[in-house]
Structure formats: C-alpha cells, structure tokens
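Remarks on the overall topology
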Amino acid sequence: MEGRKSLRCSIVRGGTSKGIFIRENELPPDPEQKDEVIRAVFGSPDIRQIDGLGGADVLTSKLAVIGPPSRDDADVDYTFAQVSFETDKVDYSGNCGNISSAVGPFAIDEGMVRADGGVTAVRIHMKNTGKILTAYVPTEGGKARSAGDFRIDGVPGTGAKIRLDWSDAAGGLTGKLLPTGNARDVISADGKSYEATLIDAGNPVVFVKADALGMKGTECPYEIEHNASLMRTIEKIRGQAAVMFGLCGSPEEAAAKSPYNPFFAIVSEPQDYAGPGGVKVGRDEIDLTSRLLFMLKMHKAYPITGTVATGAALRIPGSVVWDVLREEAKTRTEVYIGHPSGRIPVESEVTADGGRIELKKACVYRTARRIMDGIVYLPER
C-alpha cells in the first residue's frame, strides 16, 4: 500500500446487499498489494470494521471491481470479492448475484456503457467464473433509472425493475450443472447420512431438507446461527460437499480454502411463518421454503446466485428440492421461494438431452441504487 493514500469509490445497493464499487484502474495490479488496499478500504480484519467502510455484516462487506471488457462478447468486466471481517481473507471464489444487479446501472452511469432507449442491455463478464450475465437496465436521459414501482422483499420502498438473465451461469466453477452427475447424493456427518443435491449454477450450492437436520425449516437467522450443534453439523456436511464439488482436497480444508463456496441451503415444503421485523409469509404465497448460509452466516433474505441454483435444482426430478416443491409449481415457469424476509420469484427451465441436463433459462428481478460517490482515505501504515 506504499504511496497509496486515497482512491475513488462508490457505495451501491444491489438487491438485498450493499457493496463498495471501485473502478479497476483505481487498484494496484499486484494481487497482494491489491488485497492490502481492499482490506484497508473495508477496515478488515476487524469484527466491527470500525476503521473502514465495511458494515460488519456479510451482506455489506462486499466489493465490486468494474473494468473495461476483456472479451468481445461483453460490455464490462466485473470481479466480485467477499471481504471477511474476521480474518484477512479476500475471497474471489464466487459471485454475488445481488451485487451483480448493480453492475449494469453503475457501468451506464460511469459512461462505460451507452444507454439505449428505455431499457439497456449490459453484458457483464463475471471474471470470477468466466460466465456472462446479461442485465436489462431501465434507462432515461442517458442514465440508469433507480426510481420505479417494483418491490423486492428485504429492501424498503420500491425501485426500477432490473431483469437479470443467468442462463449462462451453469457450471461456473465446476464445469457442470450437476458436478457429481447425480440429482441426489448421500453425505455422512456425525455418524448420520444426509440426502443432498449439489448444484453449480450462479454459485455452487448444497441442498439438504430441513427435517433431516431436525429443523422445521422456518427458523429465523438468529435461531440457526445460535444453535451451535446445528451449525457444527452444517459445516461438516458443507465440508464434505466442498470436496465433492472439487473445491478442496479434504473436508478439513473447506473452512480455510473454500469458506465462501459452497453455499448451504435448507429446504422444506411451503409453510406459514413470521420473519424478522414482523414479516409474515403464508404458505399459499410461496412454492417452497428455504434458508441459506454462506461463510457460516445466515443470509437475512436470499442471495441471487442461490436463487439461480434453487431455480435449477427445483426443475430436476429426484433432487431434494424437487421433493419439497409445491406440486402445481412443477409445471409453472415462475416459482416463489420463501426466505426469512419474504419471498423471491425465479423463472427457470432445465432440459435433459441424452442424459445431459442443461440450464436453459434462469431469470431473476432486482432493484439497485447508488448511495454515495466519494474518496476513501487509507491509513498510513
């Protein structure tokens, strides 16, 4: 960080997450120096991130690095990083779909992509996985429009509806939608066997039924995170799954080498429940119930990459997600996933051709808003 005292950045909300957006040319090219600067920007490692811009929460300690396209089929390059506040880890192993939803508007407003009429398509090269995400961004007067009447659960108010096409997202880290080739696998932990489905779409996710874990499936994030025995079991299953995904060599390595991936989703049938802040969800409003963890923390809503993976898994007969999906929804294009803050829709389609299962459609909808532009000053150390 020698010689570097400040840099330009923006604070941007994307979906139900919030991150720091930095232009690529603001960061040093050397990987070690770059990570040092990033940690300084966020104030990590420190569980309060008191000396930086991080919000001391997994949903706000996120970074988007935006640069010119390195591929002919893209309009912009996007690198995502999850910045730990407990360790010095800056993790580039996966994507954040919520933060991704703000990349298109940011690129348009920065003049990196020219606005085209009322809706501008932005082809985003997600450098973490090498996949293309297409964002359809409402535009007006040459800028991205943030105001609108579309509401997403987990965010106050309304905003302009951004359509995200994740159809190219399958196999981003493993090369396969079903990395093991199976719709259902068995994972052993603590002397018990758990049926699980492993999907790589958006990010790798391992799905397990709530009742297999002794859960109702409607527990709030606090209940899950503060159940020490449950959290130990979840991490043991996740460690085994990380090996099966090919992300590390042993379950013991998962926490250190693959803390971000795979995500862990706990699924159950549609149920009535009350979420934090007085949120009420009725079983008739959703098609399945899910709770999702990453980096041993509960997502307070539902991640977009997790939504893409769930949308793929629920289309595959034999998967544990197929088992809990409302019967009528199995033939419907749009499905609603119930999460702690409400529900989220996903449009998905999976086809099987000669035994090969492919993701043909995966669309979600978000809102985004730039909150602040400015200069962050780095500590002189």
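Residues numbered from 1 in each chain as written. Predicted model: local features only at pLDDT ≥ 70, side-chain atom pairs only at ≥ 80, totals over all residues. Heavy atoms only, no water.

**As for the pairing of strand β4 (residues 76–83)**
The cut-off we apply is this: Note on exposure labels: buried denotes an accessible area under 20% of the residue type's maximum, exposed denotes more than 50%, and partly exposed covers the range between, all computed with a 1.4 Å probe on protein chains only. By definition, any uninterrupted DSSP run of H or I lasting at least four residues is a helix, any uninterrupted run of E lasting at least two residues is a strand, and each is numbered from the N terminus. What makes two strands pair is DSSP finding at least two bridges between them.
For β4, a buried count of eight out of eight residues is recorded, marking the element as mostly surrounded by other parts of the structure. Residues of β4 alternate between two faces, with Val76, Tyr78, Phe80 and Gln82 on one and Asp77, Thr79, Ala81 and Val83 on the opposite face, all of them buried. Summarising the sheet, strand β3 (residues 62–67) and β4 pair through six bridges and their orientation is antiparallel. Paired with Val65 across the strands is Thr79, a residue of β4. As judged from the three bridges shared by β4 and strand β6 (residues 119–126), these two strands associate in the parallel manner. Within β6, the position partnered with Val76 by the bridge is Ile124.

**A closer look at the domain arrangement of the chain**
Our working rule: For the domain bounds, the source is a domain assignment made automatically or taken from a database. What gets called buried area is simply the loss in accessible area from a 1.4 Å probe that two parts show on being joined, summed for both. We define a salt bridge as a contact between a side-chain nitrogen of Lys or Arg and a carboxyl oxygen of Asp or Glu at a distance within 4 Å. Residues are grouped as follows: Ala, Val, Leu, Ile, Met, Phe, Trp, Tyr, Cys and Pro are nonpolar; Asp, Glu, Lys and Arg are charged; all remaining types, including Gly, are polar.
In terms of domains, the chain is made up of domain 1 (6–167 + 367–377) and domain 2 (185–365). The distance between the C-alpha centroids of domain 1 and domain 2 comes to 24 Å. Roughly 2,200 Å² of surface becomes buried between domain 1 and domain 2 when both sides are summed, with 59% attributable to carbon and sulfur atoms. On the domain 1 side of the contact with domain 2, Val58, Asp153 and Trp166 bury the most area, a combined 23% of that side's loss. Counting the contacts that link domain 1 with domain 2 gives two salt bridges. Close ionic contact of Lys297 with Glu86 constitutes a salt bridge, the shortest N to O distance being 3.7 Å. Sorting the residues of the side of domain 1 that touches domain 2 by element identifies β4, α2 (97–100) and β9 (162–165) as the ones contributing at least two each. Here the element with the most residues in the side of domain 1 that touches domain 2 is β9; it accounts for four residues. Among the residues making up the side of domain 1 that touches domain 2, the classes are represented as nine nonpolar, ten polar and nine charged.

**Re the pairing of strand β7 (residues 131–140)**
Remark: a regular strand shows side chains that alternate across the two faces of the sheet. Of all ten residues in β7, eight are buried, a share of seventy percent or more. Pairing of β6 with β7 involves eight bridges; the strand directions are antiparallel. The residue of β7 that forms the bridge with Val119 is Pro138. Connecting β6 to the antiparallel partner β7 that follows it, the hairpin turn spans four residues, and Gly130 within it adopts a positive phi of roughly 75°. Bridge analysis of β7 against strand β8 (residues 143–144) gives two bridges, and the strand direction is antiparallel. Bridged to Glu140 within β8 is Lys143.

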